[in-house]
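Each chain is listed here by its residues.
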Amino acid sequence: MSFLLAAPIFSYAQGYQVALQGNAQLAMGHAGTALKMDASSVFFNPGAVAMLERNEAQVGGNFIFSRTTFVSQQNETFKSNNPTGTPFHAYGVYGADGSKLKFGVGVYTPFGSSVNWGDQWAGRFQLNSISLRTICYQPTISYKLSDQISFGAGLIIATGSVNLQRSIGVNFPDGTYGRAELNGNAIPSYGLNAGIYIQATDKLSVGLSYRSKMLMRIDGGDAKFNVPASFTTANNLQIPAATTFKAELPLPETFNVGAAYQVNEKLLVTGDVNYVVWSSYQTLDFDYAQNAPLLQDTQNPRNYQDAFIFRGGAQYQYTDKLALRGGLYYATTAVPDNYITPETPDANRTGLTAGIGYRVNDNIVLDASFLYLNVAKRTDFNSTTNFGGTYKTHNFIPGIGVRYQF
Amino acid sequence: MRHIFKKVLGVAAAAIVLVSCHPNVKEAGVSSGSADFSVYVAVGNSLTAGYGDGALYRSGQEMSFPNILAGQMRLAGGGAFNQPLLPEGSGFGPSGNGRFTLVATGLPGNAAFTVASNNAPSITPLSSDWVFAGDKSSLNNFGVPGMRIVEALVPGLGNPANGAGNFNPYFTRFAQNPATSSVIGDVFARRPTFFTFALGNNDILGFASSGGASGAVTPAATFNAVLNLAVDSLLKATPNTRGVIVGIPDVTRIPLFSTLNPTALAASLPAAVTTIFYRNSAGTVASYPLRSGTTNPLFLADGTLFLLPAQGLFAQGIGFTPTNPLPNNLVLDPGEVRNILNARSAYNGWITAYINRKNREAGRTVLAYFNPDPFFDAMQAGIALPGDTRRVSAAFITGGAFALDGVHLTPRGYAMVTNELISVINASFGATLPAVDARKYPATLFPN
């Protein structure tokens, strides 16, 4: 039996990417590669950091209200009761007056998931709940070659943790099922975030950025199995009560290209295309330190496909103090047909965004954003587990950030 | 600008209201097709009653295949499904036992689990608790443990006045009038619009489970005659009554007979044991060449079956010498096995012939045949349920499909049979009943 088939990952953007790295950009469809608006450029395009006119410290966050409805092969409806996700970001950018060199630092959460189906739903042997967190720290340096071109790069240090629970198909005397819980912290991994910013004309800017692939590796995570005691005794070791596990999950590389155009004094439009190399996620393997008849190492095909995200947004400077923003995006799914899992009931996604920026005084700007993310209804069956049905997800994600400029 | 923030807060508040809603996904429509499920009645034996682990017990009744099926039928116009439920927590088996339980032996080197029969039944036949106190005129499950097809038409099958051994106490419980009722008569009075008919197993099993030492296989001609009378009667219950007749599975493939197979015996008995001796039905000592691969490979196809309880005698050293043979009632010799298999084929032949004739006469499908063979075949290797690669199989204890008596099914096994029945009903009557999630129903309960 391999009841640990999958690393369940749920997603808010695509795959298990969480695209919520700056409230101003988010309100504009989360396009930011060709913008030099604020310190979020540390994430969106380190090349633009050197172009920022002022030094800045920024913090922000979002509340993710994610709801999935699932109709099983047996025509039964189940609803996930997901905890509210609270991804956050913080950035700082500093350069001496008149210096061509700027230094930046970012802390953000580009991947993660939080889904809770409970232990009564049709897919409980795949997943009861999953909580996946990643945190990236990114010291950054950016250099302005001329007024037209700047580039920059940051070292990404990624850490994370996962908690995964699922039912085991073994009945206790009262008829209830056993349960598995995997818990682990990832070994820090390192990556690169680099970019170029080009001020092509007074009005037109172009940005290119790249974030490299990283691996979230867990070695020595805790695996606990709550099964009838007669399964864990020395003379009938079907499954150990506790052991450790190894697993790894790729955080895919991303190529980003964007353009922004200042139509007039008040109106700015921008667009991005992201290419996410999800094909690096081919398989998910669990390697247990102690194997037993009911606990074998597992190799679970994922075969993700590369995906595109198309983003567009605009900002209208309504008054000196108030900016109005709106945008939308469309993301193609990373999960091919026959590979859907309850952890990632992914499908093509449409995001509608809106928000405002409000300048409180010369130093402080507030950014509020709202994202409605509609994941297309998808009926699919996983050819490995033979489990599937119809999934439909929508997300409501309000967020707020504050910037201090100096 | 304050009003702007108030608006933002307003939007956020509205959003929070929205986020408590899940997206709506429409379930597929469910139709009964040409069938009418408003009064579904199940006619059968212990398998229909929900019997398992050596006893009829309350939670088993609640997870009987007809009750699971009726739950799906309710999605398509099905009515209430009333069962003659035992009191909560009660069970009763043929030797006065309660439900069998599994115990861990905990001794290194021994088999990990043994089946313990709980000899403290919580209910006594014919006691006031025993008799079903509910409304006997609105019952839907007429599963009577132990009943042979020939008994289904017998008036007074549940009459205690017939004396011990000459009445069926399980029918006494819920017969409209135990002194005079026949099972088919009571079923007819219920006017079913749809029925499942699953009888005939005990006409073989009574003989088989005694190792051929007692009872007799019901002659196929008798089976056919009773089948005609019984089902003819059911089809007349309403003008549009439809039904499914369940074929007789191959009893030699249930754990009672299949667990002590040559491979398992060769692996578990001491290497010095090359021959098993048993007393055959003629009273003489016969031998079975166990490690036939080294002597005569043809004997692998011998076909002798050792019943599961022989395991306990092997452990005591019985059956390894001609002077200390296994008793006749724990062995089916090749002749007895042929007798069983021939009866099964004949019964199923009569069932399909009957169904074909009835459908031809009616000019449409009024009866469907549930052929149990594909399911039981698949169950030998195991069936992977959606979402879990652990297979549910016919293996005793570990397989999860069969109960601890080695004959009946676990609730999960019954749920999987229900899904097979649903396929048959959908295919035959154009219905669209959804399958059930068989993992909602427990399999083997393992001790702590």
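Residues numbered from 1 in each chain as written. Chains lettered and ligands numbered in written order. Predicted model: local features only at pLDDT ≥ 70, side-chain atom pairs only at ≥ 80, totals over all residues. Heavy atoms only, no water.

Asker: Report on the overall build of chain B, specifying residues and quantitative values.
Answerer: The secondary structure content of chain B amounts to 15 helices and 15 strands. In terms of its C-alpha atoms, chain B occupies a principal-axis envelope of roughly 100 × 60 × 45 Å. Per-residue burial over chain B gives 54% buried out of 448 residues. Counted over contacts in chain B with a minimum sequence separation of 6, partners at least 24 positions apart contribute 73%. Carbon together with sulfur atoms contributes 58% to the accessible area of chain B, which is approximately 17,800 Å² in total. In chain B, which carries 28 positive and 22 negative side-chain charges, the distance between the mean positions of the two groups comes to 9 Å. (Helix = DSSP H or I, 4+ residues; strand = E, 2+ residues; numbered from the N terminus. Buried < 20%, exposed > 50% of the residue type's maximum accessible area, 1.4 Å probe, protein only. Contact = heavy atoms within 4.5 Å. Areas by Shrake-Rupley, 256 points an atom, 1.4 Å probe, with all protein chains shown as cover. Lys, Arg positive; Asp, Glu negative; His and termini not counted. Charge placed at Lys NZ, Arg CZ, Asp CG, Glu CD.)

Asker: Got a sec to walk through the overall build of chain A? Specific residues and values, please.
Answerer: Within chain A, the secondary structure is distributed over two helices and 22 strands. In terms of overall dimensions, chain A is globule-like: its C-alpha atoms have a radius of gyration of 23 Å, near the 22 Å expected for 406 residues. Structurally, chain A occupies a C-alpha span of about 75 × 40 × 35 Å along its principal axes. Scored against the burial criterion, the 406 residues of chain A give a buried share of 60%. Excluding contacts between residues fewer than 6 apart, the proportion of contacts in chain A whose partners are at least 24 apart in sequence is 69%. Put simply, chain A shows about 14,200 Å² of open surface, and 57% of that area lies on carbon and sulfur atoms. Positive and negative side-chain charges in chain A, numbering 28 and 27 respectively, have mean positions lying 5 Å apart. (Rg over C-alpha atoms; globule rule 2.2 N^0.38 Å.)

Asker: Report on helix α7 (residues 201–208) of chain B, specifying residues and quantitative values.
Answerer: Residue and element names in this part refer to chain B. Where burial is concerned, most of α7 is hidden: seven out of the eight residues are buried. Here α7 has its buried residues at Asn201, Asn202, Asp203, Ile204, Leu205, Phe207 and Ala208. Summarising the contacts, the buried residues of α7 are in contact with α2 (46–49), β7 (194–198), α9 (255–258), β12 (331–332) and α13 (334–362).

Asker: Describe the nonpolar core, with residues and values.
Answerer: Counting residues in hydrophobic clusters, the biggest one holds 194 residues, and the most contacted among them are B:Phe197, B:Phe257, B:Phe306, B:Leu326 and B:Ile425. Here the element with the most residues in this core is helix α15 (residues 411–429) of chain B; it accounts for nine residues. Not counting chain neighbours up to four residues away, the residues in contact with B:Leu326 comprise B:Ile276, B:Phe277, B:Tyr278, B:Arg279, B:Phe306, B:Ala310, B:Leu313, B:Phe314, B:Ile318, B:Gly319 and B:Val331. Grouped together as the second largest cluster of nonpolar side chains are seven residues, A:Ala34, A:Leu35, A:Met37 and A:Ala260 included. (Core = buried A, V, L, I, M, F, W, Y, C linked by side-chain atoms within 4.5 Å.)

Asker: For a negative patch on the surface, give the residues involved together with the corresponding values.
Answerer: All names here are of chain A. On the surface, a cluster of negative charge is contributed by Asp219, Glu248, Asp285 and Asp287. Along the chain, Asp219 falls in strand β12 (residues 214–226). You can call Asp219 partly exposed: its relative accessible area is 43%. (Patch = residues over 30% accessible without salt bridge, like charges linked within 9 Å, V, L, I, M, F, W, Y side chains within 5 Å. Salt bridge = Lys/Arg side-chain N within 4 Å of Asp/Glu carboxyl O.)

Asker: I'd love a proper account of the pairing of strand β16 (residues 283–288) of chain A, names of residues and values included.
Answerer: Residues and elements named next belong to chain A. Residues of β16 alternate between two faces, with Leu284, Phe286 and Tyr288 buried on one and Thr283, Asp285 and Asp287 left unburied on the opposite face. Pairing analysis gives four bridges linking β16 to strand β17 (residues 298–301), with the strands arranged antiparallel. Opposite Asp285, over in β17, you have Gln299 as the bridge partner. (Pairing = 2+ DSSP bridges.)

Asker: Quick rundown of the side chain of B:Thr241? Include the residues and the values.
Answerer: Residue and element names in this part refer to chain B. Considering the arrangement of structural elements, one finds Thr241 in the loop between α8 (220–235) and β8 (242–246). At 2.7 Å, the side chain of Thr241 and the backbone oxygen of Pro192 are in polar contact. Within the structure, the side chain of Thr241 is placed 2.6 Å from the side chain of Thr238, a separation counted as a polar contact. Setting aside anything within four residues of it in sequence, one finds Thr241 in contact with Pro192, Thr193, Phe194, Phe195, Leu234, Leu235 and Val366. (Polar contact = N/O pair within 3.5 Å; in protein donor to acceptor, adjacent residues only side chain to side chain.)

Asker: How would you summarise unusual backbone geometry if you had to cite specific residues and measurements?
Answerer: Residue and element names in this part refer to chain A. Not every positive phi belongs to a glycine, and His30 is a case in point at roughly 60°. Looking at the secondary structure, you find His30 in the loop between α1 (23–26) and α2 (41–44). The backbone of Asn303 shows a phi angle near 50°, a positive value even though the residue is not glycine.

Asker: How would you explain the environment of B:Ile245 if you had to name every residue and give the values?
Answerer: Residue and element names in this part refer to chain B. Take Ile245: it is sitting in strand β8. Along the primary structure Ile245 and Thr196 are separated by 49 residues, whereas in three dimensions their C-alpha atoms are 5.9 Å apart. For Ile245, the contacting residues outside a window of four places in its chain are Phe197, Leu227, Val231, Ile351, Tyr354, Ile355, Leu367, Ala368, Tyr369 and Phe370.

Asker: How would you explain the confidence of the model for chain A if you had to name every residue and give the values?
Answerer: Summarising the model, chain A shows a mean pLDDT of 91, and 96% of its residues fall at 70 or more. With pLDDT under 50 throughout, residues 1–13 of chain A is counted as low confidence; its partners more than four residues away or in other chains account for 93 contacts. (pLDDT = per-residue confidence, 0-100.)

Asker: I'd like to hear about the packing of aromatic side chains, residue by residue, with values.
Answerer: For the coordinates displayed, the defined rule picks out 42 aromatic pairs over all chains. Each ring, one from A:Tyr281 and one from A:Tyr304, has its centre 4.7 Å from the other, and the planes form 70°; the classification is edge-to-face. Note that A:Tyr281 is positioned in the loop between β15 (267–276) and β16 and A:Tyr304 in the loop between β17 and β18 (307–317), a separation of 23 residues in sequence. Ring-pair connections join several aromatic residues into one group, and the members of that group are A:Phe70, A:Phe78, A:Trp117, A:Trp121, A:Phe387 and A:Tyr391. Here the basic side chain of B:Arg173 rests over the ring of B:Trp130, its NZ or CZ set 5.5 Å away from the ring centre. (Phe/Tyr/Trp six-rings, centres within 6.5 Å; stacked < 30°, edge-to-face > 60°. Lys NZ or Arg CZ within 6 Å of the ring centre and 35° of its normal.)

Asker: Explain the pattern of salt bridges to me, using residue names and the numbers behind them.
Answerer: Residue and element names in this part refer to chain A. Applying the stated rule across the entire model yields 19 salt bridges over all chains. Of the charged contacts in the structure, one is a salt bridge between Asp367 and Arg403, with a shortest N-O distance of 2.8 Å. A residue pair is termed long-range when its members are at least 10 positions apart, and Asp367 in strand β21 (residues 364–381) and Arg403 in strand β22 (residues 388–405) qualify at 36 residues. Taken individually, Asp367 and Arg403 each receive the classification buried, so the pair is uniform in this respect. Linked by salt bridges that have partners in common, Asp38, Arg325, Asp367 and Arg403 make up one network.

Asker: Quick one: what's the story with the sheet that holds strand β6 (residues 141–143) of chain B, residue by residue and with numbers?
Answerer: All names here are of chain B. Taken in spatial order, the five strands line up as β6-β1-β7-β8-β13 in an open sheet, and their pairing is parallel. Of all strands in the sheet, those bounded by a partner on one side alone are β6 and β13 (367–370). Along the sheet, successive strands turn relative to each other by an average axial angle of 15°, direction set aside. Relative to β6, strand β1 (residues 40–44) runs parallel, the two sharing three bridges. Directly across from Gly44, in β6, lies its bridge partner Gly143. Running over the sheet, α13 touches β8 and β13 and is turned about 155° from β13. Of the strands in this sheet, β7, β8 and β13 touch α15, which is tilted by about 145° from β13. (Axes fitted to C-alpha atoms, helices over the stretch in contact; angles between N-to-C directions.)

Asker: Tell me about the pairing of strand β5 (residues 101–108) of chain A, and name the residues and values.
Answerer: Residue and element names in this part refer to chain A. Of the two faces of β5, only one is covered, namely that formed by Lys102, Gly104, Gly106 and Tyr108; the face formed by Leu101, Phe103, Val105 and Val107 stays uncovered. Strand direction decides the pairing type here: strand β4 (residues 88–94) and β5, joined by six bridges, are antiparallel. Considered in β5, the bridge of Tyr94 is made with Phe103. Pairing geometry for β5 and strand β7 (residues 129–144), over eight bridges, is antiparallel. Bridge pairing in β7 places Gly106 opposite Gln138.

Asker: Tell me about the confidence of the model for chain B, and please be specific about residues and values.
Answerer: Residue and element names in this part refer to chain B. Of the residues in chain B, 91% reach a pLDDT of 70 or more, and the chain-wide mean stands at 88. Here residues 106–110 scores under 50 on pLDDT; set against residues more than four positions off or in separate chains, the count is five contacts. Scored below 50 in pLDDT, residues 294–300 shows seven contacts in the model against residues more than four places distant or in partner chains. In the predicted assembly, ipTM is 0.82 and pTM is 0.88.

Asker: Run through the side chain of B:Ser64, naming residues and quoting values.
Answerer: Residue position: B:Ser64 is located in the loop between α3 (58–62) and α4 (65–73). Among the polar contacts listed, one links the side chain of B:Ser64 to the side chain of B:Gln83, at a separation of 2.9 Å.

Asker: Describe the environment of B:Thr222, and please don't skip the residues or the numbers.
Answerer: Tracing the backbone shows B:Thr222 in helix α8. Along the primary structure B:Thr222 and B:Pro145 are separated by 77 residues, whereas in three dimensions their C-alpha atoms are 20 Å apart.

Asker: So what's going on with the environment of A:Ala180? Which residues, and what values?
Answerer: In this fold, A:Ala180 is placed in strand β9 (residues 177–187). Counting along the chain gives 43 residues from A:Ala180 to A:Ala223, while the straight-line C-alpha distance between them is 7.2 Å.

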